[in-house]
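Notes for the structure review
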Amino acid sequence: MTDTTTPGMVIVGAGHCGGRAAQALREAGWTGSIHLIGMERHLPYERPPLSKELLTGEKTAGACQLRSAQALIDDDVRLHTQRVSALDTTRRCITLANGQVLPYHRLLLATGGSARCLDIPGADLPEVLTLRTVDDALLLSQRLGTGRRLLVVGGGFIGLEVAASARRAGMAVTLVEGARRLLGRAVPADIAAGAQALHQAHGVDLRLGVLPTAIVPRQPGGVRVQLNDGSQVDADTVLVGIGMKPATALARTAGLTVAQGIVVDAALRTSAPEVFAAGDVAEFPGPLSGQPMRQETWFNAETQARVAAHNMVGGHEVVHQPPWFWSDQYDHQLQVCGEPAMGTHTVVRELGGGDRIAFHLDAQERLVGMSAWGLAPRCLKEVKLARLLVERRINARPADLHDLAVKLKALAAGTAVLT
Ligand SMILES: Cc1cc2nc3c(=O)[nH]c(=O)nc-3n(C[C@H](O)[C@H](O)[C@H](O)COP(=O)(O)OP(=O)(O)OC[C@H]3O[C@@H](n4cnc5c(N)ncnc54)[C@H](O)[C@@H]3O)c2cc1C
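Keep in mind that this is a model prediction, so the values were computed, not measured. (Residues numbered from 1 in each chain as written. Predicted model: local features only at pLDDT ≥ 70, side-chain atom pairs only at ≥ 80, totals over all residues. Heavy atoms only, no water.)

**Here we look at the sheet that holds strand 17 (residues 262-263)**
Put simply, the test is: Strand pairing is assigned whenever DSSP detects at least two bridges linking the two strands. Strands here are runs of E lasting at least two residues and helices are runs of H or I lasting at least four, both read from the DSSP assignment and numbered beginning at the N terminus.
Strand order in the open sheet made by the three strands is 17-19-20, with mixed pairing throughout. In this open sheet, the two strands that pair with only one neighbour each are strand 17 and strand 20 (292-293). As paired elements, strand 17 and strand 19 (residues 282-285) share two bridges and run parallel to each other. Counted as the bridge partner of V263 is E283 from strand 19.

So this is what it looks like as structure tokens:
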């Protein structure tokens, strides 16, 4: 029986980061109680398949689980399916929606966030969906199918991945994006152009520089979406992929410092004693730039969970790995590593067949990031090496990064021959 009166480790948010942190606490030697509290009715799971394999039927919801139920039992992690409604940093306790109060020795806030919704008439119609949870994905998957029409709002990662999955399911797909290009500013324009060409080649009707203004129901089913260029699109389902809102309310109400996310230092400590935050919700100093940033990525959830757990048991670790994420679309993969926003210029390494790596360099010609796009099996080895260069903070000459004759492996090992 888990003790609920002696202060133990309490984790709010049973997503990827919270679930992994519970595991890492045991691995770090914590023998006291661990309470993992989440609002979803599922065991902690990984979200990347929700826009990909879960929609295409290549994975089941169960296969997305982070760990088995038995692993949680073996680790004596007490999972509460509840919303945490209050945090009291003076009394060092949290209150669950059912009124139960749990004192903490150390607290981790891993509350992630929720999908942003459209703020236009008709946005609440049942045909209009968002995608954040496994239940969202299961609902969306029921709407996919040959001959049906999907309108995706938003040309970011989730919108593009869903568009690709829906085309594979035989749907007619239109995608509208308010900007004149895809993928925002997180990815260089030429890589975004590669993604655009691929989606068009797969038959996605891309409408750039337009926004939806209203959604109205149609008989006998579906909706008509009005766009601000005067055109309209009929669809059976609308998927809104316009980003997420970090779940900061609990922290804000408790008086913690909150900006774009819950503000933490490099060791993931918040402004309140014994309270840590990690994952999508945490705003932390960028490992290369020191600039405050939030990362909504699998890698960030995974690595920050471990750093937070280590420090909750008295360790002194900091987040030092450069950010990294991937996005799968059709048979192509996009990867970004480091902090491309620090770059003042890029050097492109053309790998052939349209595959490319853009190395981002700062004014001192230091490598601060890389963005890559290409056919997945063909380019992955090169991209892995490019990532290694960023992780190892290798200072390579721009000409060498561009030149296929200079092997990235040699640059990573520091054995490239300088001429
Ligand atoms: C569809 C989709 C596809 C993705 N694909 C990729 C990809 O290809 N590559 C990549 O790198 N990343 C991808 N990501 C991002 C990655 O999955 C997230 O960064 C990661 O899930 C963040 O984990 P987290 O634990 O911080 O937050 P979450 O996974 O959001 O978990 C937070 C949990 O906290 C719970 N919670 C919040 N508030 C409370 C409260 N008050 N009380 C109790 N519980 C609470 C929430 O219900 C939620 O379950 C994808 C994300 C989505 C949604």
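**Here's the deal with the domain arrangement of the chain**
Inclusion rule: Residue ranges assigned to the domains are those given by an automatic or database domain assignment. Contacts are assigned to residue pairs that have any heavy atoms within 4.5 Å of one another. By convention, the term buried area covers the 1.4 Å-probe accessible surface removed from two parts as they join, with the contributions of both added. Between Lys or Arg on one side and Asp or Glu on the other, a salt bridge is scored when a side-chain nitrogen of the former is within 4 Å of a carboxyl oxygen of the latter. By the criterion applied in these results, polar contacts are pairs of N or O atoms within 3.5 Å in which, for protein atoms, one can donate a hydrogen and the other can accept it, and in which residues neighboring in sequence qualify only through two side-chain atoms.
Partitioning the chain into structural domains gives domain 1 (8-114 + 245-312), domain 2 (117-242) and domain 3 (331-413). The C-alpha centroid of domain 3 is placed 32 Å from the C-alpha centroid of domain 1. Listed by partner, the interface residues are six residues for domain 1 and six residues for domain 3. Taken together, the two surfaces of domain 1 and domain 3 that pack against each other cover about 480 Å², and 60% of this comes from carbon and sulfur. Of all residues in domain 1, L288, S289 and F299 bury the most surface against domain 3, accounting for 80% of the area lost on that side. At the junction of domain 1 with domain 3, the criterion picks out zero salt bridges. Where domain 1 touches domain 3, the interface holds two residue pairs in polar contact (both at pLDDT 80 or more).

**Focus on the site of the ligand**
For the record, the criterion: Here a residue is near a molecule or strand as soon as one of its heavy atoms is found within 4 Å of it. Only the protein chains shown count as cover for residues, with accessible areas throughout obtained via the Shrake-Rupley method and a probe of 1.4 Å. Each residue receives one of three labels: charged for Asp, Glu, Lys and Arg, nonpolar for Ala, Val, Leu, Ile, Met, Phe, Trp, Tyr, Cys and Pro, and polar for the others, Gly being one of them.
As a matter of local geometry, the ligand sits amid 33 residues, with E40, R47, K52, R132 and D280 nearest to it. Its free accessible area being 1000 Å², the ligand has 94% of it covered by the protein chains. The residue makeup of the shell around the ligand, split by class, is 14 nonpolar, eleven polar and eight charged.

**With respect to the nonpolar core**
One broad trend across soluble globular proteins is that nonpolar side chains are buried collectively. Heads up, the condition is: Put simply, buried Ala, Val, Leu, Ile, Met, Phe, Trp, Tyr and Cys residues joined by side-chain atoms within 4.5 Å make one nonpolar core. Any residue under 20% of the maximum accessible area for its type is buried, any over 50% is exposed, and the rest in between are partly exposed; the area is computed with a 1.4 Å probe on protein chains only.
Core analysis: the biggest nonpolar cluster contains 51 residues, and L87, I94, L107, L108, L109 and L256 have the highest contact counts within it. When residues in this core are grouped by element, the largest group, six residues, is from helix 8 (residues 298-312). Not counting residues within four places of it along the chain, the set of residues in contact with L107 comprises V10, V12, L87, I94, E274, V275, F276 and M312. L150, F325, V336 and W373 belong to the second-largest nonpolar core, a separate cluster that totals 37 residues.

**Considerations on helix 9 (residues 376-391)**
Note the cut-off: By this rule the span expected of a helix is its residue count minus one, scaled by 1.5 Å. We define the bend at any residue as the angle between the axes fitted to the seven residues before and including it, ending there, and the seven starting there.
Between its first and last C-alpha atoms helix 9 spans 21 Å; for 16 residues at 1.5 Å apiece the expected length is 22 Å, and the two agree. A maximum bend of about 30° is found in helix 9 at E382. Residues A376, C379, V383, L385, A386, R387, L389 and V390 constitute the buried set of helix 9. Positive backbone phi, approximately 50°, marks R393, located one or two places after helix 9.

**Focus: the pattern of salt bridges**
Once their charged atoms are close, side chains differing in charge can pair, the charge on each being opposite to the other. This structure, assessed with the given rule, holds 24 salt bridges. Across the salt bridge formed by D190 and R356, the nearest N and O atoms sit 2.1 Å from each other. Note that D190 is positioned in helix 6 (residues 189-201) and R356 in strand 24 (residues 355-361), a separation of 166 residues in sequence. Here D234 makes a salt bridge to R218, at a shortest N to O gap of 2.9 Å. On the criterion of sequence distance, the pair formed by D234 in strand 14 (residues 232-235) and R218 in the loop between strand 12 (212-217) and strand 13 (223-227) is long-range, its members being 16 residues apart. Among the charged side chains, a network of salt bridges with common partners joins R20, E27, E302 and R306.

**Topic: empty space enclosed by the protein**
Keep this limit in mind: Each cavity reported here is a set of points on a 1 Å grid over the protein atoms alone in which a 1.4 Å probe fits but cannot get out, each pocket an open set with protein on both sides within 12 Å along at least five of seven lines, and each lining residue one with an atom within 4 Å of a point. Grid points are joined across faces, edges and corners, and a volume is the space filled by probe spheres set on the points.
Under the criterion given, the structure shown has two cavities of 30 Å³ or more. When its volume is computed, the largest cavity comes out at roughly 60 Å³. Considering the residues around the largest cavity, the lining is formed by F284, Q295, T297, F299, N300, T303, V319, Q321, P322, P323 and W324. No other element matches the three residues that helix 8 contributes to the lining of the largest cavity. Of the residues in the lining of the largest cavity, the class split is six nonpolar, five polar and no charged. Of the volumes computed, that of the second largest cavity is approximately 30 Å³. Considering the residues around the second largest cavity, the lining is formed by G19, P44, L66, R67 and L72. Of the residues that constitute the lining of the second largest cavity, the class distribution is three nonpolar, one polar and one charged.

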